[in-house]
Amino acid sequence: MTKVPGAPVFSIALGVTLFTLTTLGGSAVAADSARATADFVDTEGNSIGAANLVQGPTGVLIHLRVSGIAPGGHAIHIHSIGACTPDFKASAGHINIHDRKHGLLNPEGPDDADLPNIYAAPDGVAEAELFTTRVTLSDDGMNEGAAFLFDDDGSALVIHEAPDDHMTQPIGGAGGRIACGVIIAAE
């Protein structure tokens, strides 16, 4: 079991199986869950925050905190290549193995990359916890049919300058890319 320094540990007996849970970013998670991180950089290469990703039994929980972004709503999507160049174009388009239309509200969607918007406070800090059933950190078949984030070219989280309207193609009218973080498996 890996223990996060200073994080409480809980053991819960369910039937005959004992699950050990640790807290990570305020959430209790199974100690043997697949995990990943993403360190966000802005268009000038400055570090502005991070995300922790944890595989759950039905999807991936993403907890992120970034600073230095404009107050208000911002789209965040999972992009198909784990690369962040200064303009973030190296991350390519959305991860979309099922070839669906963009948008959480689109009757022909959502694509595998779609997530709810995040919101920055007046001080430019955004902290959010998001969940998606459309991706997985594990290729063990537990989340069958979900897009595997650690394929040959990896994946990245990209934050946009405006909120996603969850309908407009191809990115919900979210505007330019303002931050990017390559998703890396945690040890």
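Turning to the overall build of the protein, a few remarks are in order. Scanning the protein from N- to C-terminus turns up zero helices and 14 strands. Counting every position in the protein, which comprises 187 residues, the buried fraction comes to 43%. When contacts within the protein are restricted to residue pairs at least 6 apart in sequence, long-range pairs at least 24 apart make up 56% of them.

All right, on to the confidence of the model for the protein then. In the predicted model, the protein carries a mean pLDDT of 85, and the fraction of residues at 70 or more is 82%. Across residues 1–29 the pLDDT falls below 50, and counting only partners more than four positions away or on other chains, this stretch makes 48 contacts in the model.

Taken as a whole and judged by the stated rule, the model has one salt bridge. Among the salt bridges present, the one from arginine 65 reaches glutamate 127, with a minimum N-O distance of 3.9 Å. Placement of arginine 65 in strand β6 (residues 60–66) and of glutamate 127 in strand β10 (residues 126–132) is noted, with a sequence separation of 62 residues between them. Under the relative-accessibility criterion, arginine 65 is labelled partly exposed at 43%.

The residue alanine 156 is located in strand β13 (residues 156–160) in this model. Spatially, the C-alpha atom of alanine 156 lies 5.7 Å from that of isoleucine 78, the residues being 78 residues apart in sequence. Non-local contacts of alanine 156, meaning those with residues more than four positions away in its chain, are made with His77, Ile78, His79, Ile81, Gly82, Ala83, Cys84, Ser91, Cys180, Gly181, Val182 and Ile183.

Looking now at the side chain of aspartate 42. When you line up the elements, aspartate 42 lands in strand β4 (residues 35–42). Here aspartate 42 is buried and forms no salt bridge, its nearest opposite-charge partner arginine 65 lying at an N-O distance of 14 Å. The contact partners of aspartate 42, leaving out residues within four places of it in the chain, are Ile48, Phe88, Ile178 and Ala179.

Side-chain alternation along strand β8 (residues 76–79) places Ile76 and Ile78 on one buried face and His77 and His79 on a second face that is also buried. Looking at chain direction, β8 and β13 are connected through four bridges and run antiparallel. The residue of β13 that forms the bridge with isoleucine 78 is leucine 157.

Moving on, we come to the sheet that holds β4. What the seven strands build is an open sheet, ordered β8-β13-β14-β4-β5-β6-β10; its pairing is antiparallel. Across the chains shown, the open sheet's two edge strands, defined by having one partner strand only, are β8 and β10. Neighbouring strand axes in the sheet, compared pairwise and without regard to direction, differ in orientation by 20° on average. Taken together, the five bridges between β4 and strand β14 (residues 177–185) define a ladder with antiparallel strand orientation. Note on β14: the bridge partner recorded for aspartate 42 is alanine 179.

For the rest of this paragraph, the subject is the nonpolar core. The biggest cluster of nonpolar side chains holds 29 residues, and the ones touching the most others in it are Phe40, Leu53, Ile62, Leu64, Ile76, Ile78 and Leu157. Those elements that provide at least two residues to this core are β4, β5 (47–55), β6, β8, β9 (118–120), β10, β13 and β14. No other element matches the four residues that β6 contributes to this core.

Okay, the packing of aromatic side chains next. Pairs of aromatic rings are described using the distance from one ring centre to the other and the angle between the two planes. Throughout the structure, instances matching the rule amount to one aromatic pair. Where phenylalanine 148 meets phenylalanine 150, the ring centres are 6.1 Å apart and the plane angle is 85°; that geometry is what we call edge-to-face. By relative accessible area, phenylalanine 148 is classed as partly exposed at 25%. With a relative accessible area of 23%, phenylalanine 150 lands in the partly exposed category.

A complete count under the given rule lists one disulfide for this structure. The disulfide partner of cysteine 84 is cysteine 180, and the gap between their sulfur atoms is 1.9 Å. Linking cysteine 84 and cysteine 180, the disulfide has an S-S dihedral of approximately -65° and is accordingly described as left-handed. Placement of the pair is cysteine 84 in the loop between β8 and β9 and cysteine 180 in strand β14, with a sequence separation of 96 residues. Look at cysteine 84 and you get partly exposed, because its relative accessible area is 26%. Its relative accessible area of 0% is what places cysteine 180 among the buried residues.

Reading the values: rules and limits
Residues numbered from 1 in each chain as written. Predicted model: local features only at pLDDT ≥ 70, side-chain atom pairs only at ≥ 80, totals over all residues. Heavy atoms only, no water. Helix = DSSP H or I, 4+ residues; strand = E, 2+ residues; numbered from the N terminus. Buried < 20%, exposed > 50% of the residue type's maximum accessible area, 1.4 Å probe, protein only. Contact = heavy atoms within 4.5 Å. pLDDT = per-residue confidence, 0-100. Salt bridge = Lys/Arg side-chain N within 4 Å of Asp/Glu carboxyl O. Lys, Arg positive; Asp, Glu negative; His and termini not counted. Pairing = 2+ DSSP bridges. Axes fitted to C-alpha atoms, helices over the stretch in contact; angles between N-to-C directions. Core = buried A, V, L, I, M, F, W, Y, C linked by side-chain atoms within 4.5 Å. Phe/Tyr/Trp six-rings, centres within 6.5 Å; stacked < 30°, edge-to-face > 60°. Disulfide = S-S within 2.5 Å.

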